[in-house]
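# Residue-level structure breakdown
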Amino acid sequence: MSMNKQKILIHWRSILTILMCAITLSGYAQTKTVTGTVVDKQNEPLIGVTVKVQGTTNGTVSNFNGVYTLNNVPQNANLELSYVGMKTQTINVSGQSVVNVTMDEDTEMLEEVVVVGYGTQKKVNVTGAVSTVSSKELESRPVQNVSQALQGIVPGLNLSQTNSGGALNSSMSVNIRGTGSIGDGSAASPLILIDGVEGNMNALNPNDIESISVLKDAASSSIYGARASFGVILITTKSGKTGKTRVSYGGNLRYSNAVQIPEMLDSYRFAQYFNQAAINDGQGAVFSDKALQNILDYQAYQNGTYTGTLTDENRNQIMYGTTADSNNRWLMYGGANASTNWFKEMYSDWAPAQEHNVNVSGGTDKVTFLVSGNLLDQKGLIRHGEDKFNRYSLNGKMSIKMAPWATLDYNNRWIRETYSRPAYMTGLFFHNIARRWPTNPVYDPNGHYMEGNEILQMEGGGLDKNEKDYLNQQLKLSLEPLSDWFVRLEGSYNTTINFNHWDKLPIYGYDAKNQPFAAPWEGGDAGQSAVGESTYKYNFWSVNLYTDYSKSINDHNFKVLAGTNIELMKTRTLGGSKKDLITPLIPTINTATNSTPSLSGGYDQWSTVGFFGRLNYNYKEKYLLEANLRHDGSSRFINDKMWGTFPSFSAGWNIANEDFFKNLNTPISTLKLRASWGQLGNMNTTQWHPWFLSMPISTGSGTWLVGNVKPNTSSAPGIVSSLMTWETIQSSNIGLDWNALNGRFTGSFELFNRRTLNMIGQAIELSSILGTSVPKLNNADMESKGWELELNWRDRISDLSYGVKFVLSDDRQQILRFPNPTKALSNWYEGQVVGEIWGYTTAGIAKSNEEMINHLATNKPSWGSNWAAGDVMYKDLNDDQKVNSGKSTLDDHGDLSVIGNSNPRFKYGFTLDVAYKGFDFRAFLQGVAKRDYMLGGPYFWGASGGMWQSAAFTQHWDFFRPEGDPLGANLDAYYPRPQFSQSSKNQQTQTRYLQNAAYMRLKNIQLGYTLPASIVKYAAMQSARIYVSADNLLTVSQITGIFDPELLGGDWGQGKLYPLSRTVSFGVNLNF
Amino acid sequence: MKLVKLNKKLLSAAGLLAVLITFNSCNEFLDRPPLSQVGPGVFLNSEADLASYPLSYYGSVFPSHGGWGVGIGNNDNGTDNQATANPNLNLYTKGTWLVPNDGDLGFGTIRGCNYFLEQVLPKWKDGKISGNSQNINHYVGEIYMIRAMAYFEKLKTYGDFPIVKTTLPDQGDVLIAAAKRAPRNLVARQILSDLDSAILLLSSSSFNKVRITKEAALIAKSRVALYEGSFLNYHKGTPRVPGGPGWPGASMEYNKYFKIEIDTEINFFLDQAMAAAKEVADKTALTANSGVTNPPARDKFSGWNQYFEMFGSKDLSKFAEVAMWRQYNLGLSVTHGVTIYVERGGNTGYTKSLVDSYLMKNGLPWYAAGSGYQGDVKIMDVKKDRDLRLQLFLAGEEDVRTVKKDADLFGRPSIINIPETRDVTGYRSRKYLNYDPTEAPGSDLTCVSGSIVFRASEAYLNYIEACYIRKKSIDGDADKYWKALRTRAGVDTDYTKTIAATDMDKEKSDWGAYSAGNMVDATLYNIRRERRNELASEGFRFNDVVRWRAMDQVSNYIVEGFNLWDEAYNDKVYTDPKPGEVTSTGLIADGSSKANVSNKSLSKYLRPYQIVNLSTNLVFNGYNWSKANYLSPMPYRQMQLASPTGDAATSNLYQNPYWPSEPNAAAIE
């Protein structure tokens, strides 16, 4: 080994010597000095263009003004000018001493090479379904993470919001070509590789990305094997480039507010709505006439129209909306009469953020480097308490050409994410906002925050602080022992270290005598304090060893690749919590005094090994063939289930390269028809050890105290199956790519069919006499079918260059096999289209009792009672005069029918960019053209599930009121009459309330201006761009105004989640 | 030349590496078991392992305080004893309760016990479990007790029920075969057999009685045996009893050889009940009642009446009568809200029927001549000279609410509060109240008073009742127990005097006055009265009236509360409420949607379900009982899954009487 090292060193020296000689020694033929300016088509000077005398190492680089000077140029030499993104030009000096050059953009070259599995490939030769994104499309978006920027850009790459909504630490869920699993025991998420190693795309600074390739079909992703079965997202980060050292800075300031929050009814209408809901339930009114009057008085006082007198008795009530009870506590709810819109109170209007990026890169022939840093400092939308996210990243890349045949790459990436939020801000907080009645005041008459409205908890109840460090180390050795034969050894070690601190601090309310009292934090814990610390560490180790060889014999081009991939993940966790802090100012475990801490800690692991091979062949780049084979082993399965072998094939035919086509003289330069078929194994079982029967043991957490301490508890283990094995993903794809009108019009169309075979389905349904859940098995099949279209138009009209990109995709999933022999609708069944919504058909809302009685005579629901005016009339569909669900099976579904489908269909993105004399404009629309959704819960219905769970928003005021109702008749109401406890009667899934959740969103619009070079040069800059960019400015949707069409979920019920942000950003990009 | 050499070396090194990885260590590298979980093989081998196991299942079989509200004090709601703001429409309005489409039969706890017994018994018999053998025996005994209690729940809910004593495999045919419903008497015998095992193994008062005790198991045994004996006795001749006319089990092939001698069977259970009850009653004295009905001073919040404090103290281990209880701890966040809700009203209330059932101290019913009854204009009046249990546990105007502040009395009940803190009937129970000022330092869920799981009085009562059904007379032991209970209640011990003075026509609002729609004799009635009065608000009532078949006659049964319209209505609390108080509108009795009390013309007593006289109020005309409701309907889907043909109609898990075999359908009768 030391011998080898020595030899490498020797080699190094000799190369250096040669290089030095070339640079320093002048030739002694007839030479002269040549100078000139290099500009692009816009006549802007090009900086850093490499100019050299062809066939020699004599070269230079153009300066700030695009001017180069090259000495010792032979009279008749050819100058070779090269620059990234431009067509390389060769110009004969012909004795001139001034040679000015205008360089052409090389659009073909920019797009030509595509990053594919374990290598790159010319785009014209790609036979799988691969889409690419360039860094340009991610630029200047005021987004927090990459997935937000990717949404809608790549056809077939679907990004959707989760139940975390717009929270600062939330990331979107990603799938390629629709869901590939029912998600019951296995996951179907794409593999995300950053520079070849699995990583978290959302932790990455979007500005560090050079390009993204999305591998969509089995043929293109199969080389990655076991974890790539639902596609791969390959992210390549920027690298240093030979040439002058370049420094760039990008920074922006942003302001965000919530895109969509509900609007509460004012307290007067709220009170009447609640009264109606109680009365319709057969209970007394919630608010008495006197209470209603108090509300009116308060509102009048706030508007300055109160005409009554203020007395000691009523002052607090009229001015502040509350009064003290006999225990000297300020009253809330029915005893209070303020008018607070709690959503407005809880969310701030313009949350600031800032982001800074610095990037330094450059290099010589031997060594290139890049160092980049990023700082993101973002405040959340929550008004009370600290809601804040910071990201710091530092990225270094170095490439050392040790010898003409050996290159060593070293990458190091450090990312730190810190996130802090009020400890109280969990799903419960979002659940509670709408449960605080508008009659509750924010402040008591003494100016303190009222107790019981979450503000105390949010402001002073402690923080949940998270600090996550990603450390990625990557070393790559590339060898080229013979020309076109490469051997690559790549090793990566990624660690993720997460520290979480959580503290719960005592909070204090004030009573009517202005005395503080300890207030409960979440019920029953007044005055208590606690602190929790937890950490986890992931160690991920990955090695790739592979080799490829290309050979052309006449017009037959071959490339073979073979290699192995080894991955090992080890995790460990440690955590503890303790109660009773000495002081809330120092919330640490060391300073908590309770003698019984709660502790936890553990380890886990998985590993995978794969062997792969690929063969590419093409004839004159006309007929293209590719074959892949992957043999995978996974620690998730045992015995003979451990290993699986998965093949894939693809072929292409570039018709444009056929002589007959060329003879047609069409403006089409590429017209490639391709097809692929392949199988992949999926090892992403939800459990890492699905075959292991684990004893459920819980230490020190039993709530049936023994000896006045929490005891250990244990219980019976469930049942596991050792039969669980690989899901097989079989996908086929047909595609067409074209390039016409000299690259002005490009596009592609894909048609795919992906089957998840032997999917881990639900267990077979068995009698609950078993007493535990039935283990899941590979017993279901699912199919995803769809298509993708991408159209690009790019052209220039004199000084105005513009481009239009349109992407459209659709996918539908169907269950082909499922263990549900009775086809019960409560479960998946064969033939089911994923997302289908079974519901009743609504005839309308009965306007009178008579109408209801007449309707019931032939349409009597099997549920509910006391049907009356204002209730929903459900339709009998099967002519049995009753409305019911039959046996709730596919064969006997009574009056249920499929009324819609909640799967988003026809997902599109539309980008327009225009540049004109330094100005640039970009608009990006994203949307879903078809989607049905059945909303439920109090956010949608208002009164639902009892008084304390109900809400009342402005939309809910449109409820049924009969003729003569004191609140004014509303016979054509949208909502039925409200009821608290009998609410489910009218709230069945049904046609009337099915929402159209399709939407179109102006995701981004930006306007930039690049200052003229003639100006910026005075500031020692090469270029400077200023811009304003805005995200989520406009949404078009028919969905109820209570909901954001992208946020239909919520951990505590629909709509109860952190809203998305509308962000406006002002920024600069500077290059030095 | 050098170059090529170097490459060759590199190449061979790389090749070697690949070969090594491929052939040597792949499967080893992929052998990645979990690192911090244990498999079944290494567990349940020691005393400590065994100790942890039963505790997971306590919560599923032993009711105890928890959450917002008055805890186990809520468990009599929806009977003739107690009422909450929302009536139980499923039980008391016809056509509301539907056959569920699906539902879990609840075998989780049973399987948990079976798993334990399968794993532990062989090791235990071989002496392979390390630790103190008495404790090991105790934990095994706990599992038998838990399995018995889990089955008792099923017996009460469904009657006939499959008996499963092993962990079943996940195979459909095995499960279908296992789903054969055993006739209910066999289920009850299985429970008794488990309890016998438990009694044999359990120790008496270790663990401060927060774990299961031998006495608890004996009381449970008397409870189950009495339940089944009396159920068979009173439901005899209905389809609910195996072998009875129309019994759905009769048509099951698997019951081909089933035979039952019903009276022998009844006697068997009653004998078992008496024997088990006697064992506890004879060795357990009742907690003394000092006769003091309120804490005498602020600093004397405890020690003034052991009987009262037995229901609300933080440590119940000191009461011999308590056979098992649950402990709470504020620091550990294991708390409930009972004390707070008793202090301010907790969406429940005693009915007039219950209050009327208490005797005068002289042993006479209130209506009897010379009873000394003071009327019910005030709650303090109705309590005057009554059974001390009424005096202690019914909150009167001048009783102490809390000693946290001076002179804090209950005053008039909170009848127009929001439901959560409403005294629904006006009669508030103060059973479970804890006067300790350190109780509930925060509000709501900071209460830590103990929760009784079993107490010995039940054994006294079980014996008396079982004895009378069995022997048609009060034997010496029953006489002794009854007198002990009456002594503690401060009531004249001569129960014959009470029996003689009882006018059954005056007891019609008491469901316990009936069985199968007919009035029972005065002796049996007074035994039931004793039980009702002693165990009020402890969650016994519904089970009692079910096993007595005491709801056949329930038709348009009106629930009444305290006397509102003689005097109380005029109280300042209602006429001049403090500003800003919830629904501070005063009393509205117009029957409209805004009404908050029932109209005087209906009754001078508050009728909590006759406040709003709209068609939307389904129980305005009272409770109506359906025959089917004595047993719960089998979930339809579970019937299908337990059917050899997949058809519910031919299921091993047949439907209960008067319930249809179709989903979402109402009872037939």
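Predicted model, so just to flag it, every value in this text is computed and none were measured. (Residues numbered from 1 in each chain as written. Chains lettered and ligands numbered in written order. Predicted model: local features only at pLDDT ≥ 70, side-chain atom pairs only at ≥ 80, totals over all residues. Heavy atoms only, no water.)

Attention shifts here to the overall build of chain B. When helices and strands are tallied, chain B shows 22 helices and eight strands. Once the C-alpha set of chain B is aligned to its principal axes, its extents read approximately 120 × 65 × 55 Å. Residues classed as buried in chain B amount to 61% of the 669 residues present. At a minimum sequence separation of 6, the contacts of chain B that also span at least 24 residues come to 74%. Averaged over its 76 positive side-chain charges, chain B has a centre that lies 4 Å from the centre of its 73 negative ones. (Helix = DSSP H or I, 4+ residues; strand = E, 2+ residues; numbered from the N terminus. Buried < 20%, exposed > 50% of the residue type's maximum accessible area, 1.4 Å probe, protein only. Contact = heavy atoms within 4.5 Å. Lys, Arg positive; Asp, Glu negative; His and termini not counted. Charge placed at Lys NZ, Arg CZ, Asp CG, Glu CD.)

Here we come to the overall build of chain A. Looking only at helices and strands, chain A features 14 helices and 50 strands. The principal-axis extent of the C-alpha atoms belonging to chain A is close to 110 × 65 × 65 Å. Out of the 1072 residues belonging to chain A, those deemed buried represent 55%. Put simply, 69% of the contacts in chain A that link residues at least 6 apart link residues at least 24 apart. Entry remark: accessible area of chain A is about 42,900 Å², with carbon and sulfur atoms responsible for 55%. Considering chain A, the positive charge centre built from 91 side chains and the negative charge centre built from 94 side chains are found 6 Å apart. (Areas by Shrake-Rupley, 256 points an atom, 1.4 Å probe, with all protein chains shown as cover.)

Here we come to helix 3 (residues 47-61) of chain B. In an α-helix, one turn spans 3.6 residues, which is why side chains three or four residues apart end up on the same side. Counted at 1.5 Å a residue, the expected span for helix 3 of chain B with its 15 residues is 21 Å, and the 23 Å between its end C-alpha atoms agrees. The set of residues buried in helix 3 of chain B consists of D49, L50, A51, S52, Y53, P54, L55, Y57, Y58 and V61 of chain B. Check the buried side of helix 3 of chain B and you find it contacts strand 33 (713-714) of chain A together with helix 5 (108-125), helix 6 (133-158) and strand 1 (322-326) of chain B. (Expected span 1.5 Å × (residues − 1).)

The subject of this paragraph is the packing of aromatic side chains. A full pass over the atoms with the stated rule returns 91 aromatic pairs over all chains. Judged by centre distance (5.8 Å) and plane angle (55 degrees), the ring pair of Y92 of chain B and W511 of chain B falls under tilted. Linking Y92 of chain B in helix 4 (residues 89-92) with W511 of chain B in the loop between helix 18 (495-501) and strand 7 (514-515), this pair joins segments that are 419 residues apart in sequence. Summarising the burial analysis for this pair, Y92 of chain B and W511 of chain B share the class buried. Here the aromatic rings of Y139 of chain B and F207 of chain B are separated by 5.9 Å at their centres, their planes lie at 35 degrees, and the arrangement is tilted. Of this pair, Y139 of chain B sits in helix 6 while F207 of chain B sits in the loop between helix 8 (184-201) and helix 9 (214-235), placing them 68 residues apart in sequence. Owing to a relative accessible area of 24%, F207 of chain B belongs among the partly exposed residues under this scheme. Among the aromatic residues, ring-to-ring pairing joins F270, Y273, F274, F287, Y333, W437, W948, W957, F959 and F980 of chain A into one connected group. One Lys or Arg, R488 of chain A, reaches over the ring of F486 of chain A and ends 4.7 Å from the middle of that ring. Just above the ring of W867 of chain A sits the side chain of K985 of chain A; from NZ or CZ to the centre is 5.1 Å. (Phe/Tyr/Trp six-rings, centres within 6.5 Å; stacked < 30°, edge-to-face > 60°. Lys NZ or Arg CZ within 6 Å of the ring centre and 35° of its normal.)

Regular strands show a simple pattern: their side chains alternate between the two faces of the sheet. Residue and element names in this part refer to chain A. Pairing geometry for strand 1 (residues 31-39) and strand 4 (residues 67-74), over six bridges, is antiparallel. By the bridge assignment, T37 is partnered in strand 4 with V67. One ladder, built from two bridges, connects strand 1 with strand 7 (residues 101-102); its direction is parallel. Counted as the bridge partner of V38 is V101 from strand 7. (Pairing = 2+ DSSP bridges.)

The next point concerns the interface of chain A and chain B. Between chain A and chain B, the contact holds 100 residues from the first and 103 residues from the second. At the boundary of chain A with chain B, total buried surface from both sides reaches about 8,700 Å², with 62% on carbon and sulfur atoms. Area buried by chain A at its contact with chain B is led by M695, W704 and I769 of chain A, which between them contribute 10% of it. With a closest N to O distance of 2.6 Å, E765 of chain A and R637 of chain B form a salt bridge. At the junction of chain A with chain B, the criterion picks out 26 residue pairs in polar contact (both at pLDDT 80 or more). If you tally residues by element for the side of chain A that touches chain B, the top one is strand 28 (residues 598-619) of chain A, at nine residues. (Buried area = accessible area lost by both parts, 1.4 Å probe. Salt bridge = Lys/Arg side-chain N within 4 Å of Asp/Glu carboxyl O. Polar contact = N/O pair within 3.5 Å; in protein donor to acceptor, adjacent residues only side chain to side chain.)

On to the nonpolar core. In this structure, F62, M145 and F454 of chain B are the most contacted members of the largest nonpolar core, which totals 192 residues. Here F62 of chain B is in contact with W704 of chain A together with M145, M149, I212, M324, V453 and F454 of chain B, once residues within four sequence places are set aside. Grouped together as the second largest cluster of nonpolar side chains are 91 residues, F389, V442, A943 and L1048 of chain A included. (Core = buried A, V, L, I, M, F, W, Y, C linked by side-chain atoms within 4.5 Å.)

A few words on the confidence of the model for chain B. All names here are of chain B. Predicted confidence across chain B gives a mean pLDDT of 92, with 94% of residues reaching 70 or more. Within the model, the stretch residues 1-5 combines pLDDT values under 50 with two contacts to residues more than four positions away or in other chains. This complex was scored by the predictor with a pTM of 0.81 and an ipTM of 0.93. (pLDDT = per-residue confidence, 0-100.)

Residues and elements named next belong to chain A. Here four strands make up an open sheet; going across it, the order is 3-2-5-6 and the pairing antiparallel. Each end of this open sheet is capped by a strand with a single partner; those strands are strand 3 (59-61) and strand 6 (89-92). Shown here is a sheet whose adjacent strand axes are inclined to one another by a mean of 20 degrees, direction ignored. Where strand 2 (residues 50-53) and strand 5 (residues 78-82) come together, four bridges link them in antiparallel fashion. (Axes fitted to C-alpha atoms, helices over the stretch in contact; angles between N-to-C directions.)

Moving on: the sheet that holds strand 16 (residues 232-237) of chain A. Residues and elements named next belong to chain A. Judged by pairing direction, the sheet is mixed, and its five strands sit side by side in the order 10-15-16-13-14 without closing on themselves. Of all the strands in the sheet, the pair left with one neighbour each is strand 10 (130-134) and strand 14 (197-198). Direction of pairing for strand 13 (residues 191-194) relative to strand 16: parallel, over a ladder of four bridges. Directly across from I194, in strand 16, lies its bridge partner I235.

Here helix 6 (residues 289-303) of chain A contains 15 residues, and its C-alpha end-to-end distance of 21 Å stays within 8% of the 21 Å for a straight helix at 1.5 Å per residue. Immediately downstream of helix 6 of chain A, the backbone of G304 of chain A shows phi near 80 degrees, a positive value.

Before going further, it helps to spend a moment on the environment of P633 of chain B. Structurally, P633 of chain B can be placed in the loop between helix 21 (572-575) and helix 22 (636-641). What P633 of chain B contacts, discounting residues up to four positions off in sequence, is W97, L98, V99, P100, Y158, Q655 and W659 of chain B.

Turning to a nonpolar patch on the surface, a few remarks are in order. Judged by side-chain polarity, L253, Y255, W350, Y916, F919, L1007, V1028 and F1066 of chain A come together as a nonpolar surface patch covering roughly 770 Å² of accessible area. Looking at the element boundaries, W350 of chain A is found in the loop between helix 8 (342-346) and strand 18 (351-363). (Patch = residues over 30% accessible without salt bridge, like charges linked within 9 Å, V, L, I, M, F, W, Y side chains within 5 Å.)

A packed helix pair is summarised by two numbers, namely the angle formed by the two axes and the spacing between the axes. Residues and elements named next belong to chain B. Between helix 8 and helix 9, the least distance of the axes is 9 Å, while the angle of their chain directions is 165 degrees. Taken as axis vectors, helix 8 and helix 9 run roughly antiparallel relative to one another. Two packed elements cross with a definite hand, and for helix 8 against helix 9 that hand is left-handed. Contacts between helix 8 and helix 9 involve R184, N185, A188, I191, L192, L195, D196, A198 and I199 from the first element and K214, A217, L218, A220, K221, V224, A225, Y227, E228, F231 and L232 from the second. For the contact of helix 8 with helix 9, a count of residues per class yields 14 nonpolar, one polar and five charged. (Parallel < 35°, antiparallel > 145°, perpendicular 65-115°, else oblique. Left-handed = near helix turned anticlockwise from the far one by under 90°. Nonpolar A, V, L, I, M, F, W, Y, C, P; charged D, E, K, R; others polar.)

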